[in-house]
Amino acid sequence: MRSAKLSTLFILYIFTVSTLASASDLKVGYYHSSCPNAESIVRKAVSKAVSRNPGLGAGIIRMHFHDCFVRGCDASILLDPTPGNPTEKEHPANNPSLRGYEVIDEAKIDLESICPETVSCSDIIAFAARDSAFKLGGIRYSVPSGRRDGRVSIKDEPTANLPPSTFNAGELEENFAKKGLSLDEMVTLSGAHSIGRSHCSSFSDRLYSFNSTHPQDPTMDPKLAQQLMKRCPRPSTTDPIAPLDIDTPNRLDNKYYLNLKNKRGVLTSDQTLWNSPSTARMARSNAIHGANWAHKFADAMVKMGSIEVMTGIQGEIRKNCRVVN
Ligand code: HEM
Ligand SMILES: *[C@@H]1O[C@H](CO)[C@@H](O)[C@H](O)[C@H]1NC(C)=O
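Bear in mind that the values here come from a model prediction, so they are computed numbers and not experimental data.

Definitions and limits used
Residues numbered from 1 in each chain as written. Chains lettered and ligands numbered in written order. Predicted model: local features only at pLDDT ≥ 70, side-chain atom pairs only at ≥ 80, totals over all residues. Heavy atoms only, no water. Helix = DSSP H or I, 4+ residues; strand = E, 2+ residues; numbered from the N terminus. Expected span 1.5 Å × (residues − 1). Buried < 20%, exposed > 50% of the residue type's maximum accessible area, 1.4 Å probe, protein only. Disulfide = S-S within 2.5 Å. Near = heavy atom within 4 Å. Polar contact = N/O pair within 3.5 Å; in protein donor to acceptor, adjacent residues only side chain to side chain. 1 Å grid on protein atoms, 1.4 Å probe; cavity = no way out; pocket = protein on both sides within 12 Å on 5 of 7 lines; lining within 4 Å. Sits in = over half its atoms within 2 Å of the grid points. Nonpolar A, V, L, I, M, F, W, Y, C, P; charged D, E, K, R; others polar. Domains from an automatic or database assignment. Areas by Shrake-Rupley, 256 points an atom, 1.4 Å probe, with all protein chains shown as cover. pLDDT = per-residue confidence, 0-100. Contact = heavy atoms within 4.5 Å. Phe/Tyr/Trp six-rings, centres within 6.5 Å; stacked < 30°, edge-to-face > 60°. Lys NZ or Arg CZ within 6 Å of the ring centre and 35° of its normal. Donors = N, O, S within 2.8 Å, 3.2 Å for Na, K, Ca; no water. UniProt positions renumbered as here; feature names shortened; annotations may be inferred.

Draft legend 1. Examining helix α3 (residues 55-68) more closely. Its 14 residues give α3 an end-to-end C-alpha distance of 20 Å, which sits within 8% of 20 Å, the value for a rise of 1.5 Å per residue. Counting buried positions over the 14 residues of α3 gives 13, a clear majority of the element.

Set out below in structure tokens:
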């Protein structure tokens, strides 16, 4: 009787320990013995792709963010829709703007050929984001790994989890806090907008329809507004694109914060970081101390990469990142 109870408790304990994952279950060099070349294979695929098109590096860094903020870092962003099951990648926050999927596919194909069913798609995204930050910004950091892939992706879920570009500092703070990220980490990670591009629809209200008396957002440099209006003519059925940092769109650095200082943040969610009392000090500090920003950026990427991860026997290791096994 007594030992039956004890063994029940033991089984319960094992069950609890193996199903409750936490960030500390991830570890640097997780594939050291199971697939020693895992990280170098990802690096090769990223290096090749980003050399050809630096925008893909921006896309992959954004992909990691969009993956981790929706159901945790579980590669739910990569699942293709099936009949009757629309997935995250079809949400307007991702379609048509999110790019870099083919780079992840290529790394996965190479990995499956040398270490079948071993390296998760969620780890591939995390490695690839790190390698992109290195290619585009010289930012170097280790990525704890051992994530498992999810089996669920739901088209609507980005709505409640990803911040829209119209958010103010308080709304952004709250959104990131829900994922366990601090105000300083939010300001620091926004520095990713020193690379890549935006569709005009994400900021055109700032150019043409700010409010009933002011068509243009007064917190935007009128010269930047002019430049953007050329790229984004008002009556348009198409949705053109513009760089988030017009001067150095392929360099991941703290120039982003200097742009904010000069009222040259493209999105409302960018400019608000300089103009809001709660974040102004942090934005100013990042504008001045580039090396410190880069260091904080690396740490915040690692933290973002640990949001609600699955480990151990949870989830699965997908064979093809676009479909569940
Ligand atoms: C703070 C809240 C954030 C908001 C509101 C936001 C919003 C946006 C929007 C609207 C775009 C343009 C998409 C388009 O229309 O094509 C964009 C692009 C981008 N975002 Fe964010 N973002 C945020 C945070 C982040 C974070 C935390 C990261 C990564 C660490 C990130 C990385 C990027 C990158 C790299 C691009 C350029 C993508 C490309 O060129 O393909 N963003 N973001
Ligand atoms: C429009 O925006 C300007 C500049 O921020 C502001 O001064 C003005 O009060 C706003 N008008 C309305 C009607 O909201």
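Past the structure itself, the notes keep going.
Draft legend 2. How the structure looks around the state of the cysteines. If you walk through the whole model with that rule in mind, you get 4 disulfides. Disulfide partner of C121: C321, at an S-S distance of 2.1 Å. The disulfide joining C121 to C321 has a torsion of about -95° about its S-S bond and is therefore left-handed. Here the residue C121 occupies a position in helix α5 (residues 121-137), and C321 occupies one in the segment after α14 (290-304), the gap between them amounting to 200 residues.

Draft legend 3. The arrangement of the site of ligand 1 in detail. Around ligand 1 there are 26 residues in total, and R99, H193, R197, H199 and S202 lie nearest to it. With respect to ligand 1, the side chain of H193 contributes an N or O atom lying 2.9 Å from a nitrogen atom. In this structure, an oxygen atom belonging to ligand 1 sits 2.7 Å away from a side-chain N or O atom of H199. Given that more than half its atoms are within 2 Å of the pocket grid, ligand 1 belongs to the largest pocket. Broken down by element, the residue count for the shell around ligand 1 peaks at 5 residues, all from α3. When the residues that make up the shell around ligand 1 are grouped by side-chain class, the tally is 13 nonpolar, 10 polar and 3 charged. Inspection of the shell around ligand 1 shows a minimum of three residues originating in each of domain 1 (30-161) and domain 2 (169-303).

Draft legend 4. Region of the structure containing the site of ligand 2. Around ligand 2 lies a shell formed by F210, N211, S212, T213, H214 and P218. With respect to ligand 2, the side chain of N211 contributes an N or O atom lying 2.4 Å from an oxygen atom. T213 has a polar side-chain atom sitting 3.2 Å from a nitrogen atom of ligand 2. With the chains in place, 44% of the 360 Å² that ligand 2 exposes on its own is no longer accessible.

Draft legend 5. Molecular detail of the confidence of the model for the protein chain. Per-residue confidence for the protein chain gives a mean pLDDT of 94, with 93% of residues at or over 70. Here residues 8-19 is modelled with pLDDT under 50, and outside its nearest four sequence neighbours on either side it reaches 3 contacts, counting other chains as well.

Draft legend 6. Looking closely at the environment of D123. Mapped onto the elements, D123 comes out in helix α5. Residue D123 is classed as buried on the basis of its relative accessible area, which comes to 0%. Counting along the chain gives 71 residues from D123 to S194, while the straight-line C-alpha distance between them is 24 Å. Other than its neighbours up to four places away in sequence, D123 contacts Y31, S145, G146 and R147. Polar contacts involving the side chain of D123 include one to the side chain of R147, which spans 2.6 Å.

Draft legend 7. Up close: the packing of aromatic side chains. Scanning the model with the defined rule gives 8 aromatic pairs in all. On the basis of an interplanar angle of 25° and a centroid distance of 6.1 Å, the ring pair of F65 and F176 is categorised as stacked. On the criterion of sequence distance, the pair formed by F65 in helix α3 and F176 in helix α7 (residues 169-177) is long-range, its members being 111 residues apart. Cation over ring: K89 sits above Y101, and NZ or CZ is 4.5 Å from the ring centre. Between the NZ or CZ atom of R284 and the centre of the ring of W274, over which it lies, the distance is 5.5 Å.

Draft legend 8. Region of the structure containing the coordination of the iron atom of ligand 1. Protein coordination of the iron atom of ligand 1 is limited to a single donor, H193 (NE2), which sits 2.0 Å from the metal. Its place among the elements puts H193 in the loop between α8 (183-189) and β3 (197-199).

Draft legend 9. Inspection of the side chain of S132 at higher detail. The topology assignment puts S132 in helix α5. Classification of S132 by relative accessible area gives buried; the value is 0%. With sequence-adjacent residues up to four places away left out, S132 is seen in contact with V46, V50, G57, I60, I61 and G137.

Draft legend 10. Spotlight on the UniProt feature "domain: Plant heme peroxidase family profile" (unreviewed entry) in the protein chain. Those residues carrying the UniProt feature "domain: Plant heme peroxidase family profile" (unreviewed entry) are residues 25-325 in this numbering. For residues 25-325, the helix share is 46%, the strand share is 3%, and the end-to-end C-alpha distance is 23 Å.

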